[in-house]
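If you want the building blocks of each chain, they are given just below.
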Amino acid sequence: MEISIGLIAGLYFVIFGIIFTVASYLGMRRSKVFDEYSVAGRTIGGFVNGLAGMESYLSAFLFMGMTAIVVSMGFPYMGTLIPFALSIAIFMALIGPYARNTGARTLIELIEARYGRAVAYLVLAINLLFVAMFMIGQMKAVGICVEYIFGIPLSLAIIIGGLIVTAWCVIGGMYGITWSQFIQGLVVLSAISITAASVLRAIGVANWFNPYLGYGELSPIMESIGFFELKASPKWYLSLVIVGLGGAAASPQMFIISARAKNASSVRWALSWMVFFIGLVYACAMALAFAATYWIKTTGIVIKPEQADYALFMVCDALTHPLIAAYVVYSSFVEAISTITTLIIFCGTVGVTHVYIPLKKLVKKSVETSDRERKIALAIAMTITGIAFTFITLSPPTLLAIPILWGWELLTCTLLIPCFFAFWWKRVTRWGVLASILTGAMVILTQGWTGPLIKLPFYGCLVFLPLATLVNVIVSYLTPPDSARTLVDRWHGFTDYSEKRYSGNLLPVSLGILSILMLIFALIGL
């Protein structure tokens, strides 16, 4: 008797659900004060933080979104995924360790220390918009998995999945989230490697045990059916590379990895492990997407646009053992919830530190907020966040990857350069950053949310990132330097202060020239 994939996936759901509930409970037991609840007491070591960070970074984009969009658009899209991994290396080298030295729990606290409260609240608004874009794709993935496992309507599946994830997050805090993500990372590493090998073997690939050799073996056949043909302009692909390089380096997930680490050295180790794990995962993920596309093309199966997010499940159902196919479904669920929990605790933390506490001080003047009160406020804020985004997602887009990419693009255009300058150019001013964020935010006008109001044949970051960078540099030179620049030396580990450090003109002028060249390239031919 054949056992259904949904039933097996349901068993995985129950077994691992118990494990994650226990992790959340143990996290609750360890979370005595607010810092333990919000950033795990800043005690997470490099290896655990690296694997947990991989989980929060990759999201449902890895399994479902990547296969769906590669099936729809072909190899040129798959080739642009490398920048998403490189963005972690950028964060590791230029931002992450120094962010830990600031002592900030979130990017918002860091921005407030460097650029002031007004800029911090603008960045908070940008981050919440990013979370909305990103969360919609993740919640849809959760709903698809729950729908596939239990056979219930997608809307009901989204509600059930969203409430379960919110409960895990509220119960365990950052301790529970981090250790759950560590376990989820092990699940995903095993699932994607086993699945890639199984699918490659099922379609007759001799080197099925090696993902690189596997899709290399398929390349001649894929070339003959047009898989490698460019389906968009080179500018489109370049703009997508920029989205990948910039978005992750300024994302809430990356700053949370820094905030919960023991120290700056631990951040470097965490990000090094993260790059290693993501390299392994991407090798298998690209082979899997490649093989899935090959199977779909050679069997003549037609997948409608609204079915693309289910493409991976369809392939595994046909080519792998039910135990493996069910494991893929559950791993996709795991990938989505790991990112959701990170974003929920981010929203909850900034809700407490930048909304609840300031409002309380405004109403009751100088009244202090106890640790217990802040913990309760954080739990309430996370509950509201989880429920709100669950119901916002009830009308999801056709492809879950689309709002995710829009979110990365928004962060690239608005926050990448301000985050970079915060540590590497003392002359940058709050007015320059404010002007550049407002300029970069105009990229929203090129996205589907707005129609788009500005139609471009490529991602808008190719125009608005260099434009925002130019505005930042010019306005900073025209406005007085901020007193907060004195923090930069301390963030880099110096015990003394020197005005000459990180104050040169080479960096901003070089970026300005590069931005002008990029703008000329983008606008020629429009």
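Our structure's up above, just so we're on the same page.
Residues numbered from 1 in each chain as written. Predicted model: local features only at pLDDT ≥ 70, side-chain atom pairs only at ≥ 80, totals over all residues. Heavy atoms only, no water.

Engineer: Looking at this model, I keep getting lost on the pattern of salt bridges. Mind explaining?
Structural biologist: Should the charged atoms of two oppositely charged side chains come close, the side chains can pair. For the structure on display, the rule yields 10 salt bridges. A salt bridge links Arg105 to Glu109, with the nearest nitrogen and oxygen atoms 3.1 Å apart. In this structure, Arg105 and Glu109 share a single accessibility class: buried. A salt bridge links Glu112 to Arg117, with the nearest nitrogen and oxygen atoms 3.1 Å apart. (Salt bridge = Lys/Arg side-chain N within 4 Å of Asp/Glu carboxyl O. Buried < 20%, exposed > 50% of the residue type's maximum accessible area, 1.4 Å probe, protein only.)

Engineer: Please clarify how the environment of Leu456 should be interpreted in this entry.
Structural biologist: Among the structural elements, Leu456 can be located in the loop between α20 (430-440) and α21 (461-478). Residue class for Leu456 comes out partly exposed when judged on its relative accessible area of 23%. A sequence separation of 222 residues divides Leu456 from Pro234, and the C-alpha atoms of the two residues are 13 Å apart. When sequence neighbours within four positions are dropped, the list of residues in contact with Leu456 reads Thr446, Val463 and Leu526. (Helix = DSSP H or I, 4+ residues; strand = E, 2+ residues; numbered from the N terminus. Contact = heavy atoms within 4.5 Å.)

Engineer: Whenever I open this one, a nonpolar patch on the surface confuses me. Can you help?
Structural biologist: A cluster of nonpolar side chains, namely Val14, Ile18, Val22, Tyr25, Leu26, Met28 and Ile171, defines an oily patch on the protein surface of about 610 Å² accessible area. Take the nonpolar patch: its biggest share by element is six residues, from helix α1 (residues 5-30). By the secondary structure assignment, Val22 is in helix α1. For Val22, a relative accessible area of 42% gives the class partly exposed. (Patch = residues over 30% accessible without salt bridge, like charges linked within 9 Å, V, L, I, M, F, W, Y side chains within 5 Å. Areas by Shrake-Rupley, 256 points an atom, 1.4 Å probe, with all protein chains shown as cover.)

Engineer: How should I be thinking about helix α23 (residues 506-523) in this particular structure?
Structural biologist: Side chains that are three or four residues apart share a direction in an α-helix, a result of its 3.6 residues per turn. Between its first and last C-alpha, α23 extends 26 Å over 18 residues, near the 26 Å set by a 1.5 Å rise per residue. Of all the positions in α23, only Pro508, Leu511, Gly512, Ser515, Leu519 and Ala522 are classed as buried. Across the axial projection of α23, the buried residues extend over an arc of 105°, all falling on one side. Summarising the geometry of α23, the exposed residues directed more than 90 degrees from the buried face are Leu506 and Leu517. Each element contacted by the buried residues of α23 is listed here: α12 (234-247), α19 (416-424) and α21. Looking one or two residues beyond α23, the residue adopting positive phi is Gly525, at roughly 90°. (Expected span 1.5 Å × (residues − 1). Arc of directions from axis to C-beta.)

Engineer: Just checking my understanding: could you explain empty space enclosed by the protein for this structure?
Structural biologist: Rolled over the atoms, a probe with the dimensions of a water molecule shows which regions are left empty. Enumeration according to the criterion identifies four cavities of 30 Å³ or more in this entry. Of the voids in this model, the largest cavity is the one considered here, and its volume is about 70 Å³. Every residue along the wall of the largest cavity is listed here: Ser24, Trp168, Cys169, Gly176, Ile177, Ser180, Gln181, Gln184, Ile337, Ser338 and Thr341. Only α10 (154-202) and α16 (322-364) provide two or more residues apiece to the lining of the largest cavity. With seven residues, the top contributor of residues to the lining of the largest cavity is α10. Class assignment for the residues of the lining of the largest cavity results in four nonpolar, seven polar and no charged. (1 Å grid on protein atoms, 1.4 Å probe; cavity = no way out; pocket = protein on both sides within 12 Å on 5 of 7 lines; lining within 4 Å. Points joined across faces, edges and corners; volume = space filled by probe spheres on them. Nonpolar A, V, L, I, M, F, W, Y, C, P; charged D, E, K, R; others polar.)

Engineer: How do you make sense of the packing of aromatic side chains when you look at a structure like this?
Structural biologist: The way to describe two aromatic rings as a pair is by their centre distance and the angle between their planes. This model, assessed by the stated rule, comprises 25 aromatic pairs. Relative to Tyr330, the ring of Phe16 lies with its centre 5.4 Å away and its plane at 20°, an arrangement referred to as stacked. Here Phe16 is found in helix α1, whereas its partner Tyr330 is found in helix α16, with 314 residues between them in sequence. Tyr330 shares its class with Phe16; the two are buried. Each residue in the set Phe13, Phe16, Phe20, Phe150, Trp168, Tyr330 and Phe333 is aromatic and connected to the rest through ring pairs, giving one cluster. Between the NZ or CZ atom of Lys375 and the centre of the ring of Tyr37, over which it lies, the distance is 5.7 Å. (Phe/Tyr/Trp six-rings, centres within 6.5 Å; stacked < 30°, edge-to-face > 60°. Lys NZ or Arg CZ within 6 Å of the ring centre and 35° of its normal.)

Engineer: How should unusual backbone geometry be read in this particular structure?
Structural biologist: Trans peptide bonds make up most of the peptide bonds, and negative phi angles are found at most residues other than glycine. In this structure, Ala40 is a non-glycine residue whose phi angle is positive, near 55°. In this fold, Ala40 is placed in the loop between α2 (34-39) and α3 (46-58). The phi angle at Tyr502 is positive, at roughly 55°, despite the residue not being glycine. Structurally, Tyr502 is set in the loop between α22 (487-491) and α23. Its relative accessible area of 22% is what places Tyr502 among the partly exposed residues.

Engineer: Could you clarify how one ought to interpret the side chain of Thr339 in this entry?
Structural biologist: Residue placement: Thr339 occurs in helix α16. For Thr339, a relative accessible area of 0% corresponds to the buried category. With residues near it in sequence (within four places) discarded, Thr339 still touches Glu55, Ser56, Ser59, Phe134, Gln138 and Gln253.

Engineer: When you look at the environment of Leu230 in this model, what are you seeing that I'm missing?
Structural biologist: When you line up the elements, Leu230 lands in the loop between α11 (211-224) and α12. Separated by 44 residues in the primary sequence, Leu230 and Leu186 place their C-alpha atoms 35 Å from one another.

Engineer: Explain the packing of α19 against α21 to me, please; I cannot follow it from the model alone.
Structural biologist: Two measures define how a pair of helices packs: the angle their axes make with one another and the distance between the axes. For the pair α19 and α21, the least separation of the axes is 10 Å and the interaxial angle reads 40°. Overall, the two elements α19 and α21 adopt an arrangement that is oblique. The residues of α21 that touch α19, namely those facing Ile417, Pro418 and Phe421, are Leu465, Thr469, Asn472 and Val473. When the residues that make up the contact of α19 with α21 are grouped by side-chain class, the tally is five nonpolar, two polar and no charged. (Axes fitted to C-alpha atoms, helices over the stretch in contact; angles between N-to-C directions. Parallel < 35°, antiparallel > 145°, perpendicular 65-115°, else oblique.)

Engineer: Honestly, the layout of surface pockets in this entry has me stumped. Any pointers?
Structural biologist: One number sums up the size of the largest pocket: a volume of about 430 Å³. If you go around the largest pocket, you meet 16 residues; those closest to its centre are Leu416, Ile417, Leu465, Leu511 and Leu514. The element contributing the most residues to the lining of the largest pocket is α23, with four residues. When its residues are assigned to classes, the lining of the largest pocket shows 13 nonpolar, three polar and no charged.

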